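Given next are the chains, with one letter for each unit.
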Amino acid sequence: MNVAARVAGGGVAGDIAAPPGRAIGEILLARGAVGGRDLAAALALQPERGCRLGELLCAHGWAAERDVAAALADQWRLALVDLADTPPDAALIAAIGDPGPWLDARTLPWRMSGARVVHVTDDPGRARSRAQAAVDARTPGDGPPPVELAIVTTAELDAAFQRLLGPALAARAARRTAPHESVRTLGCARFGLAAGLALAALLLAHEGRAVVVVVAAILLAVNALTTLLRLCALVAGRPGERLDHAPNVALIRWPRLSLLVPLYRETPMVPEIAAALAATDYPRELLDVKILIEANDPATRAALAAAALPGWISVLTVPEGAPRTKPRALNYALDFCRGEIVGILDAEDRPDPDQFRRVARHLMAAPPEVACVQCQLSYFNAGDTWITRCFQIEYSIWFDVLLRGFQRLGLPIPLGGTSVYFRRAVLPALGGWDAHNVTEDADLGMRLARRGLRCEVVDATTHEEASGQVLPWIRQRSRWLKGYLLTWLSHMRAPRRLWRDLGPAGFVGFNVLLLGGALSYLAMPLFWLSVAVWLGTGRGLWGGTVPDALLAPLGVMLAFGQAVMLGCAVLAMRRRGTPRLICWVPVLPFYWTLGALAAWKAVAEFVVAPYYWDKTRHGQSAELRRARAAPGGEGRMAG
C-alpha cells in the first residue's frame, strides 16, 4: 500500500476532532528512542517550558528528530513521509499562491489521495487547528474540506519550503514593506534632491554671497537644535537609573525566542557566533536560531555544514535576488520564525549570557505599546587602535547618555541593527524591514514610532567588533549616513502626515537625529577650513561674506556644540566605568572629521547607488586573529 493510501485508510486522518493516541513519551520509551532518565527530566521541564515534548527532547539531544517524528505519526495515527524519497506533487505546489499562510500553518500540499489533498506537517495539532478554523469559515453544505495529513520532520519541511517556495518567498521579502513607506519608491524625490544640490552649486557660483548666507543660517539652526536636543537628553537621562524595569519578574512560562543571524562571506565568524550562542543561559528548547546565508556564498555554507551545530540552530539559504541586503534576508526568514519574540544578532556579537532572559522578562512585563527592546552595545576590541577607542567612546555617548534621555523624552529612536528584539506579531503588521534601506534598523524605529509604538532599552550588553582601520570605518559609516538620508527622505515625502504621527517634539527630534547628524558631518570640512584660514592669516574665511550678526553666533554655536559632545563623552566614560578612555576624548574632533569623508561618499552613493550595501568585514580584530592563528583555532566550534 502506498503512503497516500495508508493516510486515506487511517480512519482519523481526516477527522479534525479526533484525539491523539498514546502519549508520545510512552511511544519513544517503548521503542528505545529515549532513555527513562532523559524522558523523566523532559517531562519535569515541560509544564514550565510550555513546548511540545518532542521539541524539548530534540533540543537537549535526548532523542533524534526522525524518531520523534515517527512517534508523532504513531500518536496521531498518521503516515510518516520522507520527502527526499517522495517529494511533493509539482502541480499542487504550482497552485500555491501566497506562501505565508502555509508557513504559518506548518503544512505543505504533498499528494492527492482520491479527491482529497494530503498535506505534510511537523505539527499536526497546529495544522488541525488551522483546518478547523477553515471548516468553521465554510458555508454550510459545502462538505468537509479535502484535507488529509502526514508527518515529516521539521528540517525536512523547512527544506521543502525553501526548495519549492524559495523564489516566491524571496520576491515577497524584497517588497514586504508598503511602497509608500519604502525607499524603493524614492526615485523622483531622490533625483529631485540631487537636482536641488546641483542648483545650489550653480547659485553659489553666480550668487555666492546669498547662498553662503543661507547655508550659514541653516548650519546655525541645525547646530543649535542638535545641541539643544543633546542637552535635553543629558538632563532627562537620570544617572544610575536602571533602564530595565523588570529584571526580576518571575515568569510562569518563558516565551519562545527566535534569533536571526545573517552571515555573508563570514567563514571565520562561524565558530565565534556558535560559541557566543552556546554561552547564553536561555532554555534551549525555547531557542529558535536561524542562521541566514546567501545562495552565492558556498564558503560560509560549507563552514556551517562542517560545524557541530546543535538542534536548536538551523540554517536558511536566501535565494538569489535583488537587493542583496541584510533586511531582505531578515524578511525572508521572518515567516520561518516560531518564536513569540524575534531578535537579531550580527556575526561577531557576544551577548551577555543572561541577555535573552532579561529581554523576555522586559517584554512580558511591558505594556503592549512597547513593541521592542534594544540592548546596549559595546566593543570587545576597543583597545586595538585609536579608532576603536573613539568608536567605544561614541557608542558610550549614545547608549549611556543620549539614548537614556531620548527614551524619557518620548522621542522616536533609530534602532540598532543588532541585539534588538521585537514582539513577533508586530513585524508583519509593520511590513517587516525595508529590503532596500541600508539602515533598515533606523527606518523601522521610525515606523514603530509613527504607529504609537515604543522601543525601550534594557540593561544588557552585546559586545561587538569595532572597525579599527580608516577605510573600513569610512565604508561602514558611509552606509549608515546614506541610510539616514534615505530614511529621512522616505518619511519626509509627506511631512504633514509625519507631523501628525510623531507630534511636534517627535517631528523635530526625527529631523535633528537623521538630517542633522548627516549635515553636521557634511559641514565638517567648512569648520576645519575656517579654523585653518584663521590660524594662517588671522582673518575669518567668511569675513565680508557672512554678516557678523550671523557669523559670530555660528562660531559660538559650533564651539559650544563641540563642548557639549566632549562633555557627554566624559560623562559617558564615567557611567560606563571606563575612565581610562577619558584621555582619548580630545581626539574625538579628528575622529569625527573622518565622518566628513564618509558623508560625502554617502551623498555620491545616494545619487548613483542608493541600495548598494557596503559590507563591513568582521574577524579583523587582534584578538580574533590570534585565536585563529592558535593551534586548532580555525576548527573551534560550539556544540
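Report follows, based on the coordinates. (Residues numbered from 1 in each chain as written. Predicted model: local features only at pLDDT ≥ 70, side-chain atom pairs only at ≥ 80, totals over all residues. Heavy atoms only, no water.)

Turning to the nonpolar core, a few remarks are in order. In terms of nonpolar packing, the biggest core is built from 63 residues, with Ile393, Ile397, Phe510, Leu588 and Tyr591 touching the most fellow members. Counting only elements with at least two residues in this core, the list comes to helix H11 (208-236), strand E10 (370-379), helix H16 (386-409), helix H18 (440-450), helix H19 (470-491), helix H20 (495-537), helix H21 (548-576) and helix H22 (588-608). Excluding residues within four positions of it along the chain, leucine 588 makes contact with Cys390, Ile393, Leu566 and Ala569. One finds Leu72, Leu78, Tyr282 and Phe380 within the second-largest nonpolar core, a separate group that totals 58 residues. (Core = buried A, V, L, I, M, F, W, Y, C linked by side-chain atoms within 4.5 Å. Buried < 20%, exposed > 50% of the residue type's maximum accessible area, 1.4 Å probe, protein only. Helix = DSSP H or I, 4+ residues; strand = E, 2+ residues; numbered from the N terminus. Contact = heavy atoms within 4.5 Å.)

Before going further, it helps to spend a moment on the packing of H16 against H19. Their axes nearest at 11 Å, the elements H16 and H19 cross at an angle of 30°. By the angle class used here, H16 and H19 are roughly parallel. Residues Ile387, Phe391, Glu394 and Tyr395 of H16 touch H19, and the partners they reach there are Val470, Trp473, Gln476, Arg477 and Trp480. For the contact of H16 with H19, the class distribution of residues is six nonpolar, one polar and two charged. (Axes fitted to C-alpha atoms, helices over the stretch in contact; angles between N-to-C directions. Parallel < 35°, antiparallel > 145°, perpendicular 65-115°, else oblique. Nonpolar A, V, L, I, M, F, W, Y, C, P; charged D, E, K, R; others polar.)

Our next topic: the pairing of strand E11 (residues 420-423). Of the two faces of E11, the one holding Val420 and Phe422 and the one holding Tyr421 and Arg423 are both buried throughout. One ladder, built from three bridges, connects E10 with E11; its direction is antiparallel. Looking at the pairing, cysteine 372 lines up with phenylalanine 422 of E11. (Pairing = 2+ DSSP bridges.)

With that settled, the discussion passes to the pairing of strand E7 (residues 313-318). Looking at chain direction, strand E6 (residues 287-294) and E7 are connected through six bridges and run parallel. Paired with glutamate 294 across the bridge in E7 is valine 318.

A few words now on helix H9 (residues 154-174). Counted at 1.5 Å a residue, the expected span for H9 with its 21 residues is 30 Å, but the 25 Å between its end C-alpha atoms falls short. Of all the bends found along H9, the most pronounced is centred on leucine 165 and spans about 80°, while proline 167, a proline, follows it within four residues. Restricting attention to buried positions, one finds in H9 the residues Glu156, Leu157, Asp158, Ala160, Phe161, Gln162, Leu165, Gly166, Leu169, Ala170, Ala173 and Ala174. (Expected span 1.5 Å × (residues − 1). Bend = angle between axes of the 7 residues up to and from the residue.)

Our next topic: the side chain of lysine 482. Tracing the backbone through its elements, the reader meets lysine 482 in helix H19. Dropping the residues within four chain positions of it, lysine 482 is found in contact with Val438, Ala602, Glu605, Phe606, Ala609, Pro610 and Tyr612.

With respect to topology, eight strands assemble into an open sheet ordered E7-E6-E5-E8-E11-E10-E12-E9, the strand pairing being mixed. The open sheet terminates on both sides in strands that have one partner only, identified here as E7 and strand E9 (350-351). Sheet strands touched by H16: E10 and strand E12 (454-464). Its angle to E10, the strand with the most contacts, is close to 155°.

Scope: geometric values only; no functional claims are made or implied.
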